[in-house]
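The lines below spell out each chain.
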Amino acid sequence: MVDAVGPDAKLYLKPVGFLDSPQYFDDHNKRLNNSLLWFSQVEYTIIESENPAKRKLVPVEHWDEIASQLPETLQERAAVLFTNLGKDHAPLQCGERVLRFDQPHVMGILNMTPDSFSDGGKHDGDPQIAADAGFDMATAGASIIDIGGESTRPGAETVWEGDEIKRVVPVIEKLTQCGAALSIDTRKAAVMEVALAAGAHIINDVSALLHDKRALEVAGVSGRPVVLMHAPSSGKDPHKGDGYGNVVTDTFDWLEQRIADVVEAGFEREKIIVDPGLGFGKSLSDNLALMNNIAVFHALGQPLLIGASRKRMIGALSKEAPVDERLGGSIAFAHHAIQQGAQIVRVHDVPETVQAAQVWRGMRDAGVTARV
């Protein structure tokens, strides 16, 4: 029995103890969403102001018993979070492409910018070269291609929406038959509207539809899926913030509230994907804390996108390796995210990441079909 807690106490659940061959342990595990992962334990944390966090590791088969012993003020939340861990995420219809969430997806990054931190200028001003790169990503196995016309790296200048439209629309039009779902990476409602009309299927907004006052309406009316990303600011600089008390729970709380607000405004919950926003206003220790706790975010009840590709934290962990020498770290982070159940990994290096995901998938298939 957990001792009484204060009125501000909040509960968080994290699935742990993933099993390679769950079929050997019937009734001792639970499937994580409709993925290829099964967890055998739940780590719960109770956080309240001015008191140390309370943590406990509970076997799945004892969860109902332990949950019933939680303070009454937390029992309803415990039920919601635990249900979310086993929630089947509905497939998303993206044009002719259907994204099912029973296996991880690779989202390829296609920047039409002169100043993005990794590949700025590589495709800027040449829609055909960019489209060819997009076709290559789709051929290599990318399920989604994320097309952006404004850099959101630290210190980047804001781009006028007209220029952003000129950068992305010709590329989207050329990629409509590539076989992958197309995502528009933008904070601006006008860009969303034109990009969707040109053939984009998904909105990926680093401000979670907060930067532009029309964005929520445009996204809702479109009926398209949207990625809501956490950033400390929805203003000009998405990296500007005051720091975190606990970056994991602060980010979780922010995303939880944003999901609730967007749904209350009329958006379909089944079409929301969440992204904890690695690198956006977060220190190295913040980013590593998020990576080590990816599984916590499944309790939000939405598909999860992780984007760590080539980011500064990889350089910080590898003798300041330059951006174009961060493939190993990018693969390591993508693979870790997939192992923690992330449904989408957003990457620059598509063929290599797809291969890593395919090897992981082969190992999982072998584990869940093994017989002695």
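Residues numbered from 1 in each chain as written. Predicted model: local features only at pLDDT ≥ 70, side-chain atom pairs only at ≥ 80, totals over all residues. Heavy atoms only, no water.

Chemist: Would you mind going over empty space enclosed by the protein with me for this structure?
Modeler: Picture a little ball the size of a water molecule; that probe, rolled over the atoms, points out where space is still empty. Under the definition given, this model contains 3 cavities of 30 Å³ or more. There is about 80 Å³ of room inside the largest cavity. Lining the largest cavity are Ser35, Leu36, Leu37, Phe101, Asp102, Gln103, Pro104, Ile338, Gly341, Ala342, Gln343 and Trp360. Class assignment of the residues belonging to the lining of the largest cavity gives a composition of 7 nonpolar, 4 polar and 1 charged. (1 Å grid on protein atoms, 1.4 Å probe; cavity = no way out; pocket = protein on both sides within 12 Å on 5 of 7 lines; lining within 4 Å. Points joined across faces, edges and corners; volume = space filled by probe spheres on them. Nonpolar A, V, L, I, M, F, W, Y, C, P; charged D, E, K, R; others polar.)

Chemist: Explain the sheet that holds strand E9 (residues 181–185) to me, please; I cannot follow it from the model alone.
Modeler: Picture the strands of a sheet paired through backbone hydrogen bonds; they go either parallel or antiparallel. Pairing is parallel across the open sheet formed by 8 strands, whose spatial order is E12-E11-E10-E9-E8-E7-E14-E13. On the outer flanks of this sheet lie strand E12 (272–275) and strand E13 (305–306), each paired with one strand and no other. Note that strand E11 (residues 226–229) and E12 share 4 bridges and pair parallel. Considered in E12, the bridge of Val227 is made with Ile273. Where helix H4 (residues 161–175) meets the sheet, it contacts strand E7 (105–111), strand E8 (144–148) and E9, and its direction lies at approximately 175° from that of E9. (Pairing = 2+ DSSP bridges. Helix = DSSP H or I, 4+ residues; strand = E, 2+ residues; numbered from the N terminus. Contact = heavy atoms within 4.5 Å. Axes fitted to C-alpha atoms, helices over the stretch in contact; angles between N-to-C directions.)

Chemist: How should I be thinking about the environment of Gln103 in this particular structure?
Modeler: Note on placement: Gln103 falls in the loop between strand E6 (97–99) and E7. Judged by its relative accessible area of 37%, Gln103 falls in the partly exposed class. Considering only alpha carbons, one finds Gln103 and Gln343, 240 residues apart in sequence, at a separation of 6.8 Å. Those residues within four positions of Gln103 in sequence are excluded, and the remaining contacts are Gln343 and Arg361. Within polar-contact distance, the side chain of Gln103 engages the side chain of Arg361 at 2.9 Å. (Buried < 20%, exposed > 50% of the residue type's maximum accessible area, 1.4 Å probe, protein only. Polar contact = N/O pair within 3.5 Å; in protein donor to acceptor, adjacent residues only side chain to side chain.)

Chemist: How do you make sense of the packing of aromatic side chains when you look at a structure like this?
Modeler: Aromatic ring pairs: the centre-centre distance and the angle between the two ring planes describe each pair. The tally for this structure, following the rule as stated, stands at 4 aromatic pairs. On the basis of an interplanar angle of 85° and a centroid distance of 5.5 Å, the ring pair of Tyr12 and Phe252 is categorised as edge-to-face. On the criterion of sequence distance, the pair formed by Tyr12 in strand E1 (residues 10–18) and Phe252 in helix H7 (residues 247–264) is long-range, its members being 240 residues apart. Members of the aromatic cluster, connected to one another through ring pairs, are Tyr12, Phe252 and Phe297. (Phe/Tyr/Trp six-rings, centres within 6.5 Å; stacked < 30°, edge-to-face > 60°.)

Chemist: Just to check I follow, could you spell out the pattern of salt bridges for this structure?
Modeler: Oppositely charged side chains can pair when the atoms bearing their charge come close. Applying the stated rule across the entire model yields 15 salt bridges. For the salt bridge of Lys10 with Asp253, the shortest nitrogen-to-oxygen distance reads 3.2 Å. You can see Lys10 sitting in strand E1 and its partner Asp253 sitting in helix H7, a full 243 residues away along the chain. Lys10 gets classed as partly exposed once you look at its relative accessible area, which sits at 24%. (Salt bridge = Lys/Arg side-chain N within 4 Å of Asp/Glu carboxyl O.)

Chemist: How should the packing of helix H10 (residues 327–339) against helix H11 (residues 350–369) be read in this particular structure?
Modeler: Packed helix pairs are specified by the crossing angle of their axes together with the interaxial distance, meaning the distance between the axes. Interaxial distance between H10 and H11 falls to 10 Å at its minimum, and their mutual angle equals 35°. Considering the relative orientation of H10 and H11, their crossing is right-handed. Side by side, H10 and H11 meet where Leu327, Ile331, Ala334, His335, Ile338 and Gln339 of the first sit next to Glu352, Thr353, Ala356, Ala357 and Trp360 of the second. (Left-handed = near helix turned anticlockwise from the far one by under 90°.)

Chemist: Looking at this structure, I do not really get the nonpolar core. What am I missing?
Modeler: Looking at soluble globular proteins, one finds that nonpolar side chains tend to be buried together. Among the nonpolar cores identified, the biggest contains 91 residues, and Leu13, Tyr44, Trp63, Ile145, Ile147 and Ile172 are the most heavily contacted of them. For Ile172, the residues in contact, after removing those within four places along its chain, are Ile147, Leu182, Ile184, Ala195, Ala198, Gly199 and Ala200. Among the nonpolar cores identified, the runner-up in size contains 12 residues, and Cys94, Phe101, Ile144 and Ile344 belong to it. (Core = buried A, V, L, I, M, F, W, Y, C linked by side-chain atoms within 4.5 Å.)

Chemist: What should I look at first to understand the state of the cysteines in this one?
Modeler: By definition, a disulfide links two cysteine residues through a covalent bond between their sulfur atoms. What the rule picks out here adds up to 0 disulfides. Free cysteine: Cys94, not disulfide-bonded; nearest cysteine sulfur from Cys178 at 12 Å. Judged by its relative accessible area of 14%, Cys178 falls in the buried class. (Disulfide = S-S within 2.5 Å.)

Chemist: Just checking my understanding: could you explain the pairing of E12 for this structure?
Modeler: Neither face of E12 is exposed, since Ile272 and Val274 on one face and Ile273 and Asp275 on the opposite face are all buried. Taken together, E11, H7 and E12 constitute a β-α-β crossover, and its handedness is right-handed. (Right-handed = clockwise from strand over helix to strand, strands pointing away.)

Chemist: Explain H7 here, please?
Modeler: Given 3.6 residues per turn, any residue in an α-helix points the same way as the ones three and four places further on. Over its 18 residues, H7 runs 25 Å from end to end, which matches the ideal 26 Å to within 8%, given 1.5 Å per residue. All of the buried residues in H7 are Val247, Val248, Thr249, Thr251, Phe252, Leu255, Arg258, Ile259 and Val262. Residue Asn246 occupies the N-cap position of H7, its side-chain oxygen lying 3.0 Å from the main-chain nitrogen of Val248. (Expected span 1.5 Å × (residues − 1).)

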